[in-house]
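# Chain and residue survey
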Amino acid sequence: MSPLPSIGTPPLASAQDAVSPQTAPPQPSAPPRNPPRLLSGLRKRSTTRSTRLTTRLPTPLTRTPVNHSTSVPSITQAPQPTLAQLLEPMPPIQLAFFDKLASELAKIEAFFIARETEARERSRRLRAQLDELKDHRRLFYEAHPADHRPWSLPFLPAPGAPAAKRLRRALHHPRGPIHVDEDDAAGGEKDAPGAHEKRRAPRLNPEEYQHARKRLKRAALEHYRGLEVLNNYRILNITGFRKALKKFEKLTKVPVQDVYMKEKVDPCAFASDQTVQELLKELEDQYTARFAKGDKKRALVRLRAMSSHKTHHFSSFRTGVGLGLALPAFVDGLVRSAPPCAPFLPHAPRHPHAPGPPRILRGPSPIPIPPSAPATQAPPRAQIPCIALTTLCWAFWLSFARAGAPALQPWAWPALWLLLVLLLLANPFPVLSRESRYWLVRKVARLLTSGFHRVEFTDFWLGDQFCSLAFPLGNLYFVACAYAHGFHADPYAACSAPAPWGVPFVLATLPFVARFVQSVRRWADSRLVTHLINGGKYLTGIVYYLCYYLWRHNGGERGTSFVFFCLLGTIYSSYASAWDLLMDWSLLRPRARFPFLRQELVYSSSIPLYYFAIVTNVLIRFIWVIYIPTRGPSPALRTWIAALLEMLRRCQWNVYRLENEHVGNVDQYRITREVPLPYSFDDLSRETDVGEDDEDEDARAPKITRSASKRRAG
């Protein structure tokens, strides 16, 4: 039996043999001597090897004959047709597709160039701000050296430490521009460039360093997020063009994808990420040097943390459990609160002005957290309202169940609940969303100091929420008076007399005063007349409540005070309803798809709810007519019904107000927050051509301003 032939790869034919016109006659092959199973295995191995070789070979090239003396052939690639050559034989319907692509490409290119220009300008301004922060930091540590440790208690920070001024900086931002006059510091003469720091440094306030650093850190985070969004926008559109051309190529069998991308898309600005990557790299280096102490890894984790999305299923589960525990206590408390079961409750109010049972026994009105809270806060802040509501329901049940009697009186449980809520908000330990709790406390404190700082979205949003809490705020005086006099006697006789009507009026109108001051401040910053019109609405509300309390003070008689109450109530309700529909909700627009609505609707699948909201909002705005009838429920019950309906109206108002804000942000391409920068450079504003919108945005923010010598001389 002869040996098996070699399984090696046969040698490739030479080029001379490939082009030779003479071909040797094939030799007759000998009959196979291998077994069928062995031949089958050899065929499989040969097929596998040839497949591997085929996949490794490049794309086939065309061979063209050449007229020269050598016998080696010339191998050239076939010319690729241009886009014009591919479009020439196409029918009109296919040409319309490319016309649409061209129009979309032009819009994307123009939008990307505009956003890229804004990003470069923002990076330039942020770079200058960070350089100024470096000098400000030097002044701060010169004013507060590390070796200076004044005497203090062990558990209190040093007087010069940042923690000692945290509350003051949280409540009061810089109240106005701090002009750093270079001529005053330099004696009115121009010095050498090296003396610039000496002229500027003495006039910067070292105490404002921490606030400026915090604001610049937020601005850097928002700018980095904006750059990432711009880069994602670029990638998304490139992918979209490839997908669309691939689908067209699949349907028409015309290889147009590579040609179109090469001739049309690749030359565009958004096809290259060089500028965006350079801005990202520069911002990463600056953030590492200024806020991460040179730790690049720590800086990248902090910069990219805003783009991560976390789920909070367990916190939602805890919130649901808390609400489930509150429901049975609330229901049983309602059953026990009937007069036969609650003999300790006071009788019906004897005076028309009496506000009814203590507000603390009725449950808190929800004050929703505005959606523009800092992005560093976690969404489980809903646990705080859930804990407060659950404990309130159980305090409500414990009061009517007479738990702890006779040692503990029933009215002690609401007071204990109020103390618990205050301790929960002031809890210094990092549990239960400490940043969210402190954020809420700071925003409420800023509401009380309206007019001394720039008005932000959260400021007027929270002010509008408190405007719907006029009844609970006015009732605080009665609650404090009732606990002061005790519940053994009738608290209504001592706390509902006509004399102290001014205190409830002041407490009830505090949110209106704050909103009026905010509107005036916004007008002073922007010079927009709409803010003054909005301020007129709150001023009308203050006068309306004044007429209401005067009418109740006079015993609810049909006299002059009643006429003024009805007149001001009609004016205020009409004023507020028109502002709600036209400005806050942007409804009643002409030429809308749905009558009396607007063109862009987020809740397009719930159109009837818009009309329901319009009708109910106007009706509840006129809820003051419930006080006019002389017969029927007591004034305290009517006030409670009006307050409950106003609370529900405000919840409905929040939904459509946020929808309108979202639609406005989409129309103006606002996807990141514009954090105002702490320093102002008047000399830089004259060297660059910045738009009026940017200058107006800078003028609205409280800043540390450095006046140039030319402006000083003029």
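Everything quoted here is computed from the prediction, not taken from an experiment. (Residues numbered from 1 in each chain as written. Predicted model: local features only at pLDDT ≥ 70, side-chain atom pairs only at ≥ 80, totals over all residues. Heavy atoms only, no water.)

## Points about the overall build of the chain
In terms of regular secondary structure, the chain is built from 26 helices and 4 strands. By residue count, 38% of the 714 residues in the chain fall in the buried class. Carbon and sulfur atoms provide 63% of the accessible area of the chain, an area that totals close to 42100 Å². (Helix = DSSP H or I, 4+ residues; strand = E, 2+ residues; numbered from the N terminus. Buried < 20%, exposed > 50% of the residue type's maximum accessible area, 1.4 Å probe, protein only. Areas by Shrake-Rupley, 256 points an atom, 1.4 Å probe, with all protein chains shown as cover.)

## Focus: the pattern of salt bridges
According to the stated counting rule, one finds 24 salt bridges in the structure shown. For Glu222, the salt bridge goes to Arg225, with nearest N and O atoms at 3.9 Å. Of this pair, Glu222 and Arg225 both sit in helix α8 (residues 209-252), 3 residues apart, roughly one helical turn. According to the relative accessible area criterion, Glu222 is buried, its value standing at 5%. Salt-bridge contacts for Arg657 lead to Glu661; the nearest nitrogen and oxygen are separated by 3.1 Å. Here the residue Arg657 and the residue Glu661 both occupy positions in helix α23 (residues 635-667), the gap between them amounting to 4 residues, near one helical turn. According to the relative accessible area criterion, Arg657 is buried, its value standing at 10%. Owing to a relative accessible area of 24%, Glu661 belongs among the partly exposed residues under this scheme. Each of Asp580, Arg621, Glu646 and Arg649 takes part in a single network of salt bridges with overlapping partners. (Salt bridge = Lys/Arg side-chain N within 4 Å of Asp/Glu carboxyl O.)

## Structural notes on the packing of α8 against helix α9 (residues 257-265)
One way to put it is that α8 packs onto α9 with a least axis distance of 9 Å and a crossing angle of 145 degrees. Crossing of α8 over α9 shows right-handed handedness. Residue-level inspection shows Ile238, Phe241, Arg242, Leu245, Lys246 and Glu249 of α8 in contact with α9, the latter providing Gln257, Tyr260, Met261 and Val265. Tallied by class, the residues present in the contact of α8 with α9 amount to 6 nonpolar, 1 polar and 3 charged. (Axes fitted to C-alpha atoms, helices over the stretch in contact; angles between N-to-C directions. Left-handed = near helix turned anticlockwise from the far one by under 90°. Contact = heavy atoms within 4.5 Å. Nonpolar A, V, L, I, M, F, W, Y, C, P; charged D, E, K, R; others polar.)

## Side note on a nonpolar patch on the surface
Residues Phe314, Phe317, Val321, Leu325 and Trp394 make up a contiguous nonpolar surface patch of roughly 520 Å² in combined accessible area. For Trp394, the position within the fold is in helix α13 (residues 383-400). Take Trp394: its relative accessible area is 36%, and that puts it in the partly exposed class. (Patch = residues over 30% accessible without salt bridge, like charges linked within 9 Å, V, L, I, M, F, W, Y side chains within 5 Å.)

## What about unusual backbone geometry?
Residue Pro406 follows Ala405 across a cis peptide bond; omega there is 0 degrees. In this fold, Pro406 is placed in the loop between α13 and α14 (412-425). Phi angles above zero are rare outside glycine, and Lys293 is one such case at about 55 degrees. Note that Lys293 resides in the loop between α10 (274-291) and α11 (296-303). Owing to a relative accessible area of 79%, Lys293 belongs among the exposed residues under this scheme. Its identity is not glycine, yet Ser586 carries a phi of approximately 55 degrees, on the positive side. Within the secondary structure layout, Ser586 lies in the loop between α21 (560-584) and α22 (607-621).

## Thoughts on the side chain of Glu659
The topology assignment puts Glu659 in helix α23. Classification of Glu659 by relative accessible area gives buried; the value is 2%. Setting aside residues no more than four positions away along its own chain, Glu659 makes contact with Arg598, Leu601, Val602, Tyr603 and Tyr610.

## Focus on the environment of Ile384
Note on placement: Ile384 falls in helix α13. On the basis of relative accessible area, Ile384 is assigned to the buried category, the value being 14%. Residues Ile384 and Ser436 lie 52 residues apart in sequence; the distance between their C-alpha atoms is 9.3 Å. Filtering out sequence-adjacent residues up to four positions away, Ile384 remains in contact with Leu424, Leu432 and Arg437.

## Some remarks on the packing of α8 against α10
It is at 10 Å that the axes of α8 and α10 come closest, and there the two elements cross at 155 degrees. Viewed along their axes, α8 and α10 adopt a mutual orientation that is roughly antiparallel. Crossing angle aside, the handedness with which α8 passes α10 is left-handed. Along the contact surface, α8 presents Arg213, Leu216, Lys217, Ala220, Leu221, His223, Tyr224, Leu227, Glu228, Leu230 and Asn231, while α10 presents Val276, Gln277, Leu279, Leu280, Leu283, Glu284, Tyr287, Arg290 and Phe291. (Parallel < 35°, antiparallel > 145°, perpendicular 65-115°, else oblique.)

## Quick notes on helix α17 (residues 470-485)
Taking 1.5 Å of rise per residue, 16 residues should cover 22 Å, and α17 covers 24 Å from first to last C-alpha, within 8% of that figure. Taking the largest bend as the criterion, α17 deviates by roughly 30 degrees, centred on Leu476. In this structure, the buried side of α17 is in contact with α16 (457-467), α18 (491-495), α19 (502-526), α20 (529-553) and α23. In the stretch just after α17, Gly486 is the one whose phi turns positive, near 90 degrees. (Expected span 1.5 Å × (residues − 1). Bend = angle between axes of the 7 residues up to and from the residue.)

## Here we look at the packing of aromatic side chains
Inspection of every chain in the model, using the stated rule, returns 34 aromatic pairs. Aromatic side chains Phe98 and Tyr260 sit 5.7 Å apart centroid to centroid with 50 degrees between the ring planes, which places their arrangement in the tilted category. In this pair, Phe98 sits in helix α4 (residues 92-143) while Tyr260 sits in helix α9, placing the two residues 162 residues apart along the sequence. Relative accessible area serves as the criterion here: at 4%, Phe98 is assigned to the buried category. Assessed through its relative accessible area of 3%, Tyr260 is described here as buried. Relative to Tyr572, the ring of Tyr544 has its centre 5.6 Å away and its plane inclined at 10 degrees; by these criteria the two rings are stacked. In this pair, Tyr544 sits in helix α20 while Tyr572 sits in helix α21, placing the two residues 28 residues apart along the sequence. Accessibility assignment for this pair places Tyr544 and Tyr572 in one class, buried. Against the face of Phe562 rests Arg558, its NZ or CZ located 4.4 Å from the ring centre. In this structure, Arg650 packs its charged tip against the face of Trp653, placed 4.5 Å from the ring centre. (Phe/Tyr/Trp six-rings, centres within 6.5 Å; stacked < 30°, edge-to-face > 60°. Lys NZ or Arg CZ within 6 Å of the ring centre and 35° of its normal.)

## Brief notes about the environment of Cys651
Mapped onto the elements, Cys651 comes out in helix α23. By relative accessible area, which is 33% here, Cys651 ends up partly exposed.

## Observations concerning the confidence of the model for the chain
Per-residue confidence for the chain gives a mean pLDDT of 74; residues scoring 70 or more make up 68%. Summarising per-element confidence for the chain, the mean pLDDT is lowest in helix α26 (residues 709-713) (36) and highest in α22 (95). Low pLDDT, under 50, characterises residues 1-72; the predicted model gives this stretch 22 contacts beyond four residues in sequence or across chains. (pLDDT = per-residue confidence, 0-100.)

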